[in-house]
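Architecture at a glance
The chain contents come next:
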Amino acid sequence: MAIKMRKTQARLKFDESKPQVHILRQLVYAPIKGKNLVKYIANSANVPVSTIEACISAISEAIAYYAINGHRVVFPDLGGFYITFRSKTAKTLSEVKVEDVLKTIRLAFAPCE
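Scope of this entry: the structure provided in the associated data block.

**Re the overall build of the protein chain**
Regarding its fold elements, the protein chain presents 3 helices and 5 strands. Beginning at the N terminus, the succession of helices and strands in the protein chain can be written as β-β-α-α-β-β-α-β. For the protein chain, whose C-alpha radius of gyration is 21 Å, the value lies well above the compact-globule estimate of 13 Å for 113 residues. Overall, the protein chain is about 60 × 50 × 25 Å in size when its C-alpha atoms are taken along their principal axes.

**Digging into unusual backbone geometry**
Of note, N46 is a non-glycine position whose phi angle comes to about 55°, a positive value. On the secondary structure map, N46 appears in the loop between α1 (34-45) and α2 (49-68). Look at D77: it is not a glycine, yet its phi comes out positive at around 65°.

**Description of α2**
End to end, α2 covers 29 Å across 20 residues, agreeing with the expected 28 Å (1.5 Å per residue, within 8%). The elements touched by buried residues of α2 are α1, β3 (73-75), β4 (79-87) and β5 (102-111). In the segment just after α2, G70 is the residue with positive phi, at about 90°.

Calculation rules
- Counting starts from 1 at the beginning of each chain's written sequence and moves along it residue by residue.
- Restriction of local features to residues with pLDDT of at least 70 applies here, the model being predicted, together with a cutoff of 80 or more for giving and counting side-chain atom pairs; totals for whole chains, interfaces and linings are based on all residues.
- Water and hydrogen atoms play no part in the side-chain values, which are based on all heavy atoms of the structure.
- Elements are defined by DSSP. Helices are runs of H or I of four residues or more, strands are runs of E of two residues or more, and each kind is numbered from the N terminus.
- Here the globule rule is a power law, 2.2 Å times the number of residues to the power 0.38, and the radius of gyration is based on C-alpha atoms.
- Working rule for helices: expected span equals 1.5 Å times residues minus one.
- Residues count as neighbours in contact if any of their non-hydrogen atoms are within 4.5 Å of one another.

And the structure:
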């Protein structure tokens, strides 16, 4: 299966003095809704929709549980999920408190190579 691409023109670094260049970009469509994804998987695997819903729910809970506890959750041939965060600095160790320095937390994904 090939990635669908489109040709386009763009300016590098949004600098008007630079010439426009021609680049390839991936065609990106609207996100697939969860219900449609579940139906597709169920039909492909010839499994009831309720079974796929239960599996996805269990996988989501497992990713959250292990990632919150410091583990990278790796799926073979897919990639890994892990927690990243940004925090503010503090002048002393005693000033480092989660509620004061933590800015954002997110679940990141890195595809396997």
